[in-house]
Amino acid sequence: MGFFTAPSSVKKRKRTENSGPAVKKSAFTPSGAGKKKRVEDEEISSEEDDEGRGRAVDDSDDEEDEFADETAADKRRRLALQYLENTKAEIEEAGFNAEDVDRDILAERLKESVAEDKGRIYRHLADILSFSTASHSHFGNDTKALTGIAACHPYVYTVSKDRHLTKWLIPDPTSPAKKPKQVLHARCASKKSDKGYEGGHIDEILTIAASQDGKFIATGGRDNWIVVWNPETLTPLKIFKQHRSPVMGLVFRRNTNQMYSCSADRTVKSWSLDELAYVETLFGHQDEVVGITALANERCVTVGARDRTARLWKIVDETQLVFRGGRESKKRKASDGDYFAEGSMDCVAMIDEEHFVTGSDNGSISFWTVSKKKPIFTVPVAHGKPDPLPPFQYTAESTSTFPPPPPQPHPITALAAVPYSDTFFSGSYDGYVRVWKISSDKKRIEPVGRLGAPQDPALSMEVAVVEEGTGTTALSKTVTPSRTRVEVNPPARGVVNGISVFEAGEKRGVRGGGVAGDHLYVSVALGKEMRLGRWLKVPGKNSAVLFQVPRKETKLESLAPVVGMSGHE
C-alpha cells in the first residue's frame, strides 16, 4: 500500500518565510508497549508537497487520538477499506469507470493480495490439469548446452555456455503454431578486446532471471558479473561486478524489481534494479551457493551445495534460518537396502512463504517447512536409476568375474513450482520432467506423473509393504521404480538445466482460493552437459522444450470465468 512514515527530517524542518505557520512538534509519549506499537504503525502519505507534509505531521496528534482505542481487527478493517478506495482511484486514472467495475472483482483482488503477502493462498492445481496429455515443442538455435531459462509472458529467454542470449515469442494457445519463434538474439564477446564488444559477459553464462513486469532481464556468469539487459533490444543496461566468484543463481522478488543473487563466493546479495544499484551482502553458507528462490515477501531461500544446508534469509532483519540436510533417520536406513547418502544440495523452489522443496545429488527431493529444521518428508530416488553398466564400460578384462558397480540415482538438477499452489516440477537426465503434488495436509509429497508422457502406474502406486527388489520407499510407502524405463524419444532428452513455469489464457477460480489460467506452460532448458561442469555427457539436444498443459474436462469447467484478469502471471 502506498503509505510511508514521515521522515525525521520533515518533523525537524524549520519554518521558512513561505512555509506558513510553524509545525507543532508531537510530544506524544506512550505509556506502554501496546501504545508504542500503535504509534510506530501509524503511517501518513508522503506524496504531498512541503506544506502538506507539515500539516500531516501537525495532524498526527489528532489521528493518534482518533485511533487510540482501535483494536487489531478494526485496524485491519480500516486498512482494507482504504485499499479498496486506492484500487478504485487507480482504475479511474487508467480510464475505467469505477461504477462499472464489479465489486466481487475488487473483493477477490483484495483477498488474493492479502493472502499472497501472508503466504496463505494455496491453489489446488494438480487435480485439474492434464499433465500426461501435455503437448510439447522443441526450439533452439545452434549453441552449446543451455544453462538457464526464464519466462515473462509472452516471451521466453534462454542462455547458453557459449554466451548466447535469445528471446523467443510464445504462440497464443488458440494459434495453430505451437513452436516458439525467435525474436531477438545476442552473443557476448569472448573478451573485452574483441572487435565490436559492446558490453555483456566474457565467459559462460550460468543463470538468467526475468522481472515480472518485463522491464529487466538479468544474467549471471562465470566471469563473476551480473549483466542487466534491456528486453526490448537485448543491450546491456548495467554490469555489476561485486561478486568475487561465478554467479550461480538469480531471482526476482515477485511483483517488484528487487533481485537476489547467489555466488560461488558463498554470499547472497540484494539489488534494486529500479535504481540499478547494489543494496547489501549476506553471509552464512560454508560452500558455494548454487541455488536461490523467492516469492512475494522480502525473503529468499538458498542451498549451499556441499555444506548440505538450505537457508531462509530474512532480508529486512538480516537474519537467517538454517535447515540441515544430509541426515537419514534410522527407520529409513533399516527399511531400505539401497541407501544413498546426500553429498550435495543443488536446487531449491519455494511452494509458498512457509514451505519449500530441495533437490540433491542422491536423487532425493525433500519437503521443508520453516517451522522445523529437518525435512518433514523425503522422496528418495525420485527420478529412478539407470541400468547397470555393461562389462566393457567398467573393466578392460575380456571375461571379468567382477560384478558391475551398483547404479547410482539420477541427481536432481532443477526444480520449479507454480507459486502458491500444490504443484511443482523436477528435472534430471532421465528424459522426463516429473510432476509432484503436495498433499492437502501439507505433510507429504505425492507423485502425479510425467509431463507429456502416459501415466506410469509405478509412480503413483501405494502399497502396504514394499517387496524386496521392486523399488525403494519413503515413510509414505510410495514406490519409486528402481530403474528408469527407457523410451525411444522421451520429450526431455538431455540434462534438465533449468525449468520456468507461467500461466496463460482465461483465468478461472480454483479450489483453495485464487485463480488459474486455462493453460500452464512449462519451459525447460536442456543440454548434453551439466550446467556447472563437463564431467558428464548425456545423449540429447542442446535446446529447449515448451510444454503446454491443458485443463481437464471436469465439472470445474462450469465455474464462471473471472472477468478483468489478464493472462500475465
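Just above sits the structure.
Nothing here was measured: the structure is a model prediction, and the numbers come from that model.

Enquirer: Help me out: how do you make sense of the overall build of the chain in this one?
Expert: Per the secondary structure count, the chain includes eight helices and 32 strands. The burial tally for the chain puts 49% of its 569 residues in the buried class. Counting contacts in the chain only where the partners sit at least 6 residues apart, residues at least 24 apart contribute 56% of the total. Of the roughly 28,400 Å² of accessible surface on the chain, a fraction of 50% belongs to carbon and sulfur atoms.

Enquirer: Teacher, can you tell me more about the sheet that holds strand β1 (residues 135–139) here?
Expert: Sheet strands pair by backbone hydrogen bonding; their relative direction is either parallel or antiparallel. Within the open sheet, the four strands sit side by side as β1-β32-β31-β28. Their pairing is antiparallel. In this open sheet, the two edge strands, each paired with only one partner strand, are β1 and β28 (495–504). On average, each strand axis in the sheet is tilted by 20 degrees relative to the strand beside it, whichever way the strands run. Judged from the seven bridges that link them, strand β31 (residues 519–527) and strand β32 (residues 544–550) form a sheet pairing that is antiparallel. Across the sheet, Y521 pairs through a bridge with Q548, a residue of β32.

Enquirer: In this structure, what is going on with the pattern of salt bridges? I would like to understand it.
Expert: Scanning the entire structure with this criterion turns up 10 salt bridges. Notably, a salt bridge pairs R77 with D74, separated by 2.9 Å at the nearest N-O pair. Remark: D74 and R77 occur in helix α4 (residues 72–93); sequence separation between them is three residues, near one turn of the helix. Classification of D74 by relative accessible area gives partly exposed; the value is 32%.

Enquirer: Is there a simple way to explain the sheet that holds strand β6 (residues 205–210) in this structure?
Expert: The antiparallel open sheet is built from four strands, whose spatial order is β6-β7-β8-β9. The outermost strands of the open sheet, each flanked by one partner alone, are β6 and β9 (235–240). With strand direction ignored, the average angle separating the axes of adjacent strands in the sheet is 25 degrees. The pairing of β6 with strand β7 (residues 217–221) spans five bridges and is classified as antiparallel.

Enquirer: Hey, could you run me through the side chain of T207 in this one?
Expert: Among the structural elements, T207 can be located in strand β6. For T207, a relative accessible area of 9% translates into the label buried. The contact partners of T207, leaving out residues within four places of it in the chain, are V159, A218, T219, G220, V247, M248, G249, L250 and R531.

Enquirer: What exactly am I supposed to notice about the side chain of R163 here?
Expert: Within the secondary structure layout, R163 lies in the loop between β3 (155–160) and β4 (164–169). In contact with R163, other than residues within four places in its own chain, are A186, R187, C188, A189, S190, H201, I202, D203, E204 and I205.

Enquirer: I keep staring at unusual backbone geometry and nothing clicks. Help me out?
Expert: The general pattern is negative phi for most residues beyond glycine and trans for most peptide bonds. Each neighbour pair has its own omega, and for H153 with P154 the value is 10 degrees, a cis peptide bond. By secondary structure assignment, the location of P154 is in the loop between β2 (146–152) and β3. Of note, the phi angle at R163 is positive, near 70 degrees, even though the residue is not glycine. In this structure R163 comes out as buried when scored by relative accessible area, which is 13%. The phi dihedral of K442 is positive, around 60 degrees, even though this residue is not glycine. Tracing the backbone through its elements, the reader meets K442 in the loop between β24 (433–438) and β25 (445–450).

Enquirer: Help me understand the packing of aromatic side chains, please; the structure alone is not making it clear to me.
Expert: Given two aromatic rings, their pairing is described by the distance between the two centres and the angle made by the two planes. Overall, the coordinates contain eight aromatic pairs when judged by the stated rule. Here F240 and W271 contribute two aromatic rings whose centre-to-centre distance is 4.5 Å and whose plane-to-plane angle is 40 degrees, an arrangement assigned as tilted. Remark: W271 occurs in strand β12 (residues 267–272) and F240 occurs in strand β9; sequence separation between them is 31 residues. Taken as a pair, F240 and W271 share a single burial class, namely buried. Centre to centre, the rings of F502 and Y521 are 5.1 Å apart; their planes meet at 10 degrees, and the pair counts as stacked. Note that F502 is positioned in strand β28 and Y521 in strand β31, a separation of 19 residues in sequence. Neither F502 nor Y521 differs from the other in exposure class; each is buried. Through a chain of ring-to-ring contacts, three or more aromatic side chains come together here, namely F240, W271 and Y278. Residue placement shows K373 over the ring face of F323; its charged tip is 5.3 Å from the ring centre. Positioned over the ring face of Y432 is R450, at 4.3 Å from the centre of the ring.

Rules used in this analysis
Residues numbered from 1 in each chain as written. Predicted model: local features only at pLDDT ≥ 70, side-chain atom pairs only at ≥ 80, totals over all residues. Heavy atoms only, no water. Helix = DSSP H or I, 4+ residues; strand = E, 2+ residues; numbered from the N terminus. Buried < 20%, exposed > 50% of the residue type's maximum accessible area, 1.4 Å probe, protein only. Contact = heavy atoms within 4.5 Å. Areas by Shrake-Rupley, 256 points an atom, 1.4 Å probe, with all protein chains shown as cover. Pairing = 2+ DSSP bridges. Axes fitted to C-alpha atoms, helices over the stretch in contact; angles between N-to-C directions. Salt bridge = Lys/Arg side-chain N within 4 Å of Asp/Glu carboxyl O. Phe/Tyr/Trp six-rings, centres within 6.5 Å; stacked < 30°, edge-to-face > 60°. Lys NZ or Arg CZ within 6 Å of the ring centre and 35° of its normal.

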